[in-house]
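# Structure assessment
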Amino acid sequence: MSAAPESASWRYRHEGLRIGGETLNRDRTFAVHHPHTGDRVATVAMATADDVRHAVLVAERFRSRLSRHDRYTILMRARELIDSRREEWARLITMESGLCLKDTDYEVGRACDVLMFAANQALVDDGEIYSCDLTPHGRARKVFTTREPLLGVIGAITPFNHPLNQVVHKVAPAVATNNRLVLKPSEKTPLAALAFADTLYEAGLPPPMFQVVTGDPAEIGPVLIGDPHVELVTFTGGTEVGKRVAASAGYRRTVVELGGTDPAIVLDDADLAETARLVLLGACKNSGQRCTAVKRVLVQAGVADEFVALLTEQARQLRTGDPFDSQTDIGTVIDEQAARRIGAAVDDAVRAGAVLRHGGVRSGAHYAPTVLDHVVPTMAVVTEEVFGPVAPVVRFTTDEEAVQIANSSRYALSAGVFTKGLDRALRFVNELHAGTVNIGEVPGYRIESTPFGGIKDSGLGYKEGVVETMKAYTNVKTFSLPWQP
Ligand SMILES: NC(=O)c1ccc[n+]([C@@H]2O[C@H](COP(=O)([O-])OP(=O)(O)OC[C@H]3O[C@@H](n4cnc5c(N)ncnc54)[C@H](O)[C@@H]3O)[C@@H](O)[C@H]2O)c1
């Protein structure tokens, strides 16, 4: 492979592990490639099992005494550091992921939001007070609760699709609650995670509170999850790996945020033009690589022809190409192998009777925005998670049938429902199997502080989002004191 692309004025990186405030290089390394050109853009140290155990021990031995104000200040400083180098961050994520600059600039903005919400939340007292003189046999006392950081270490594992924001969602709540966290980022996109560690150290974070180990997931993943000092495992990624992680976590608190086949449900009273715009972006933004991307488009039969025509028109307008071109709407998926898998799922659907309205074309790691019509709910293109810019349209007749099709999936992460009718909207809110239901928005709509996460094969029902993650990362201590009314 050739050296790094000149166009991005990229300086080739040799990255080390971040353990105990040191950058540790190792003889064994792995390469990171820019998916658009295939150029090797960095080599990264491969941690051994001992490196992982050492990082956890460094974390375990450290007890943070940072005040709420200290934590607020560190998180806000990190936010400012990232915001002031926003373009640099976007280019870094584009380099390792192939996501276009429009997407990565958006991701950097989201990460800044997470840091701000976590900083603010660090200032909020999370205790409760219960008076005890409430019943005839009550006593002159009060019961209080306070949230404490975990006694043990948090082990975190993140996926490739949001190389920075997934990491910040794990780490910022840990800082806000005075915890210590060891991260294993995706080996496909480790660079943003390593740069984020440096940013937090620059912002004043004691290094044992956040360390990064990189390498072969099969070698170091189980070591991190199984370390006796790890009290909580938090994993975001695919369902297959996530279930294995949850099984091996054993008697540890476990938060798993997994895959989805999220539906966008278009009823016959929806604003079709606006809905087509939202749905197409929901399917294709971030190259379709979002857990909450629109992966099934359920459309009521009476408006389906008109809606598919609008959807196809929207797809035609999206520009694909060099992710570093600021005009590009869709960059690559993570690698050529992933693009081939997407192509195979689309081709299988077409062979089984689906109609290709747009796209269906692969070039290297690029896969064109694709609209598939007349998909039936049993085709793998909608039963399995296709992690790419594909909008498969399934037609339905009644609202009841839409609910039934939506709920037939083994996944249940988020859903979007497009209707002007409040009664119809409420029915879907009540009846859909999903962690989130957005009316008049795509499944992926959220802000970074709100509860987020799925059920069934999308997760165990424990939510993420800054507020919920801070709860997950703390133990509630209840104490009582004598108290005169
Ligand atoms: N629900 C959510 O919040 C959410 C958010 C983003 C992505 N995702 C899901 O993530 C998936 C895409 O990401 P991916 O391809 O990186 O997922 P993946 O499951 O292949 O990998 C996720 C992480 O697990 C690690 N891993 C792999 N094998 C492991 C092992 N044996 N032990 C420990 N760790 C191991 C990987 O190195 C990576 O860091 C999609 O399914 C997507 O829906 C879910």
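An unreviewed UniProt entry lists the protein under the name Phosphonoacetaldehyde dehydrogenase, from Micromonospora profundi. Listed under Sequence similarities (unreviewed entry) in UniProt, the entry text for the protein is "Belongs to the aldehyde dehydrogenase family."

## So, the overall build of the protein
Per the secondary structure count, the protein includes 15 helices and 24 strands. Its C-alpha atoms give the protein a radius of gyration of 23 Å, near enough to 23 Å, the size a compact globule of 485 residues would have. With respect to the three principal axes, the spread of C-alpha positions in the protein is 70 × 70 × 40 Å. Per-residue burial for the protein yields a buried fraction of 56% across its 485 residues. Contacts spanning at least 24 positions in sequence make up 73% of the contacts within the protein whose residues lie at least 6 apart. Counting every atom, the protein has about 19700 Å² of accessible surface; 52% of that belongs to carbon and sulfur. If the 53 positive side-chain charges of the protein are averaged to one point and the 60 negative ones to another, these points end up 5 Å apart.

## A short note on the packing of helix α1 (residues 49-61) against helix α7 (residues 217-226)
Two elements in contact, α1 and α7, have axes whose closest approach is 9 Å; the angle formed by their N-to-C orientations is 30 degrees. It follows from the interaxial angle that α1 and α7 lie roughly parallel. Note that α1 runs across α7; the crossing there is right-handed. From α1, Ala49, Val52, Arg53 and Val56 reach across to α7, where they touch Glu219, Ile220, Val223 and Leu224. Broken down by class, the residue content of the contact of α1 with α7 amounts to six nonpolar, no polar and two charged.

## Details of helix α2 (residues 68-84)
Think of an α-helix as 3.6 residues a turn; residues three or four steps apart then line up on the same face. With 17 residues, α2 extends 24 Å from end C-alpha to end C-alpha; this agrees with the ideal 24 Å at 1.5 Å per step. Looking at α2, one finds that the buried residues are Arg71, Ile74, Leu75, Met76, Ala78, Arg79, Leu81 and Ile82. Among the structural elements, α3 (86-97), α4 (101-122), α5 (165-176) and α6 (191-202) are those in contact with the buried residues of α2.

## Re the sheet that holds strand β4 (residues 29-33)
Pairing is mixed across the open sheet formed by three strands, whose spatial order is β1-β5-β4. In this open sheet, the two strands that pair with only one neighbour each are β1 (13-15) and β4. Strand-to-strand twist of the sheet, defined as the mean angle between neighbouring strand axes without regard to direction, takes the value 25 degrees. Here β4 runs beside strand β5 (residues 40-45); their pairing, made up of five bridges, is antiparallel. When the sheet's bridge partners are listed, His33 is paired in β5 with Arg40.

## Some details on the UniProt feature "active site" (unreviewed entry) in the protein
Mapped onto this numbering, the UniProt entry gives "active site" (unreviewed entry) at Glu257 and Cys291. Considering the C-alpha atoms alone, the annotated residues occupy 35 residues of sequence yet fold into one spot, their largest mutual distance being 8.8 Å. Those residues within four positions of Glu257 in sequence are excluded, and the remaining contacts are Phe235, Thr236, Gly237, Phe452, Gly453, Gly454, Ser458, Tyr462, Lys463 and Glu464. A relative accessible area of 17% places Cys291 in the buried class. Setting aside its immediate chain neighbours within four residues, Cys291 contacts Asn161, Leu258, Gly260, Asp262, Glu385, Phe387, Leu413 and Phe452.

What counts and how
Residues numbered from 1 in each chain as written. Predicted model: local features only at pLDDT ≥ 70, side-chain atom pairs only at ≥ 80, totals over all residues. Heavy atoms only, no water. UniProt positions renumbered as here; feature names shortened; annotations may be inferred. Helix = DSSP H or I, 4+ residues; strand = E, 2+ residues; numbered from the N terminus. Rg over C-alpha atoms; globule rule 2.2 N^0.38 Å. Buried < 20%, exposed > 50% of the residue type's maximum accessible area, 1.4 Å probe, protein only. Contact = heavy atoms within 4.5 Å. Areas by Shrake-Rupley, 256 points an atom, 1.4 Å probe, with all protein chains shown as cover. Lys, Arg positive; Asp, Glu negative; His and termini not counted. Charge placed at Lys NZ, Arg CZ, Asp CG, Glu CD. Axes fitted to C-alpha atoms, helices over the stretch in contact; angles between N-to-C directions. Parallel < 35°, antiparallel > 145°, perpendicular 65-115°, else oblique. Left-handed = near helix turned anticlockwise from the far one by under 90°. Nonpolar A, V, L, I, M, F, W, Y, C, P; charged D, E, K, R; others polar. Expected span 1.5 Å × (residues − 1). Pairing = 2+ DSSP bridges.

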